[in-house]
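Fold and contact review
Listed below, chain by chain, are the residues.
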Amino acid sequence: MFWTSYFLAVLAIALAWPVPILLSRAQWPARSPSTAMLLWQAIALAGGLSMIGAMLVYGLEPIGDNLIAGLRGLAGMVFRNEPTTELGFWHIFALSAAALLSAHLVFTLLLTYYKIQRQRRRHRELLALLASPSAEAARTMVISHDSPVAYCLPGGARSVTVLSDGLMAALEPGELRAVLSHENAHLSQRHHLLLWAFAAWRQALPWLPTTRLAQEAVNSLIEMLADDVALKTESKATLIKAIAIVASGSATGTGPGAAPAARMAFGSSEADSAQPGATGGAGAMVTTATRVSRLLSPQPPLPQALRYAVLAACILLLAAPTALLIVPGLLG
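Residues numbered from 1 in each chain as written. Predicted model: local features only at pLDDT ≥ 70, side-chain atom pairs only at ≥ 80, totals over all residues. Heavy atoms only, no water.

Points about the overall build of the chain
- Each helix and strand in the chain was counted, giving 12 helices and 5 strands.
- Out of the 332 residues belonging to the chain, those deemed buried represent 48%.
- Put simply, 68% of the contacts in the chain that link residues at least 6 apart link residues at least 24 apart.
- As displayed, the chain has an accessible area near 15900 Å², and 66% of this comes from carbon and sulfur atoms. (Helix = DSSP H or I, 4+ residues; strand = E, 2+ residues; numbered from the N terminus. Buried < 20%, exposed > 50% of the residue type's maximum accessible area, 1.4 Å probe, protein only. Contact = heavy atoms within 4.5 Å. Areas by Shrake-Rupley, 256 points an atom, 1.4 Å probe, with all protein chains shown as cover.)

With respect to the pairing of strand 4 (residues 160-164)
- Taking burial as the measure, the 5 residues of strand 4 include 5 buried ones, the bulk of the element.
- Neither face of strand 4 is open: one carries V160, V162 and S164, the other T161 and L163, and all of them are buried.
- With 4 bridges joining them, strand 2 (residues 140-143) and strand 4 adopt parallel strand pairing. In the sheet register, V142 faces strand 4, and the bridge partner there is L163.
- As defined by bridge partners, strand 3 (residues 150-153) adjoins strand 4 across 4 bridges and the pair is classed as antiparallel. Across the sheet, the residue bridging to L153 is V160, located in strand 4.
- Counting the residues between successive antiparallel strands, the hairpin from strand 3 to strand 4 contains 6 residues, one of them, G156, with a positive phi of roughly 65 degrees. (Pairing = 2+ DSSP bridges.)

Some remarks on the environment of N184
- Structurally, N184 is set in helix 7 (residues 173-188).
- For the pair N184 and Y151, spaced 33 residues apart in sequence, the C-alpha to C-alpha distance is 9.8 Å.

Here we look at the side chain of E234
- Mapped onto the fold, E234 is located in the loop between helix 9 (209-230) and helix 10 (236-248).
- Among the polar contacts made by the side chain of E234, one reaches the side chain of R177 at a distance of 3.0 Å.
- Contact partners of E234, with chain neighbours within four places excluded, come to G174, R177 and A178. (Polar contact = N/O pair within 3.5 Å; in protein donor to acceptor, adjacent residues only side chain to side chain.)

Some words on the packing of aromatic side chains
- Per the counting criterion, the structure on display carries 6 aromatic pairs.
- When the centroid spacing of 5.8 Å and the interplanar angle of 85 degrees are considered together, the rings of W3 and Y6 count as edge-to-face. Of this pair, W3 and Y6 both sit in helix 1 (residues 2-16), 3 residues apart, which is roughly one turn of the helix.
- Taking the relative accessible area as the measure of exposure, Y6 reaches 47% and is therefore partly exposed.
- Arranged with centres 6.4 Å apart and planes meeting at 25 degrees, the rings of F89 and F93 form a pair that is stacked. Highlighted residues: F89 and F93, both in helix 5 (residues 89-130), separated by 4 residues, approximately one helical turn.
- Judged by its relative accessible area of 46%, F93 is partly exposed.
- Taken together, the ring pairs in this structure connect F89, W90 and F93 into an aromatic cluster. (Phe/Tyr/Trp six-rings, centres within 6.5 Å; stacked < 30°, edge-to-face > 60°.)

Section: the packing of helix 3 (residues 33-60) against helix 5
- Running from amino to carboxyl end, helix 3 crosses helix 5 at an angle of 150 degrees, the nearest separation of the two axes being 7 Å. Overall, the two elements helix 3 and helix 5 adopt an arrangement that is roughly antiparallel. Relative to helix 5, helix 3 is oriented so that their crossing is left-handed. Residue-level contacts link M51, I52, M55, L56, Y58, G59 and L60 of helix 3 to W90, H91, A94, L95, A97, A98, L101, S102 and L105 of helix 5.
- When its residues are assigned to classes, the contact of helix 3 with helix 5 shows 13 nonpolar, 3 polar and no charged. (Axes fitted to C-alpha atoms, helices over the stretch in contact; angles between N-to-C directions. Parallel < 35°, antiparallel > 145°, perpendicular 65-115°, else oblique. Left-handed = near helix turned anticlockwise from the far one by under 90°. Nonpolar A, V, L, I, M, F, W, Y, C, P; charged D, E, K, R; others polar.)

Structural notes on the pairing of strand 2
- Of the two faces of strand 2, the one carrying T140 and V142 and the one carrying M141 and I143 are both buried.
- Relative to strand 2, strand 1 (residues 131-133) is paired through 3 bridges, and the arrangement is antiparallel. The residue of strand 2 that forms the bridge with P133 is M141.
- Hairpin geometry of strand 1 and strand 2 is characterised by an intervening segment of 6 residues between the two adjacent antiparallel strands and by a positive phi of about 50 degrees at R139.

Some details on the pattern of salt bridges
- Counting across every chain of the model gives 6 salt bridges.
- We note a salt bridge from D228 to R294, for which the minimum N-O separation is 3.0 Å. Of the two residues, D228 is situated in helix 9 and R294 in helix 11 (residues 282-296); the sequence distance between them amounts to 66 residues.
- According to the relative accessible area criterion, R294 is buried, its value standing at 16%. (Salt bridge = Lys/Arg side-chain N within 4 Å of Asp/Glu carboxyl O.)

Some words on unusual backbone geometry
- Residues other than glycine seldom take positive phi values, yet R139 does so here, at roughly 50 degrees.
- By the secondary structure assignment, R139 is in the loop between strand 1 and strand 2.

So, a nonpolar patch on the surface
- Among the surface-exposed residues, F2, W3, Y6 and V10 lie close enough to one another that they form a single nonpolar patch of about 440 Å² accessible area.
- Here V10 is to be found in helix 1. (Patch = residues over 30% accessible without salt bridge, like charges linked within 9 Å, V, L, I, M, F, W, Y side chains within 5 Å.)

In structure tokens, the structure reads:
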């Protein structure tokens, strides 16, 4: 399994460094954000699988010709006291590193989820005290705030959109509909789950610059996806004006006690990266500028052939490491 572990290690390095950098600099994701979103997810999943798989395969090489056989041999050593002389120091080190990294990733994912849920619960408690139901839209709360504020608070059946009375006073009816459509798209398309996953990835591997690039790209893409939904019912001019009005109040926060991980803001989800301590600021302004530029100078979607090519690449990224780990003798 030497060549398998070598190939997986090379793939992990490629997916952890040059590939995300190239994708983050590409211009085509703005033309087909849903396709780009799938590619980012495939890169993250395949990268993690390759990283852990490379260490597992190397560590199990002396006791099995594939992952399953190696794990069976390892189980025999652990539970049936079979001799472990076949495993050298570096094999044991690789197995330990794979186990620790797997546990770290799972633990960070669960811990991030717990923190987000706690912040959302506290935010709902504040809304119960400080907000009132909107008479104009279902599942919408209005807070007393002079600045233009709009965001959604995910929570299944308890999901709500929150607007400030300052925003409602500043928007025309069409602009208000665009804001509500945008926020409802975040909720219906479950964007908070994507934010959670990529925030956990960044929390788990903060030393890896590409985790930041991936999180920023996903934040921008979900805004584009929500804008596309709003454009189905409202004009570009209306949506652009709504974005500008909300962005003008983004520097003042998004409501009393709003935790960044608790909600997705209309101005930019950069401020709601689902990561405790997430930063907005310049990143949020860049995302807003990108959205407005995309609306002012629209580009045609990627040709169907290219979209299919990207989807095929996503499938290959996930299938290749999986097949190498399970099927014996693919690379020797």
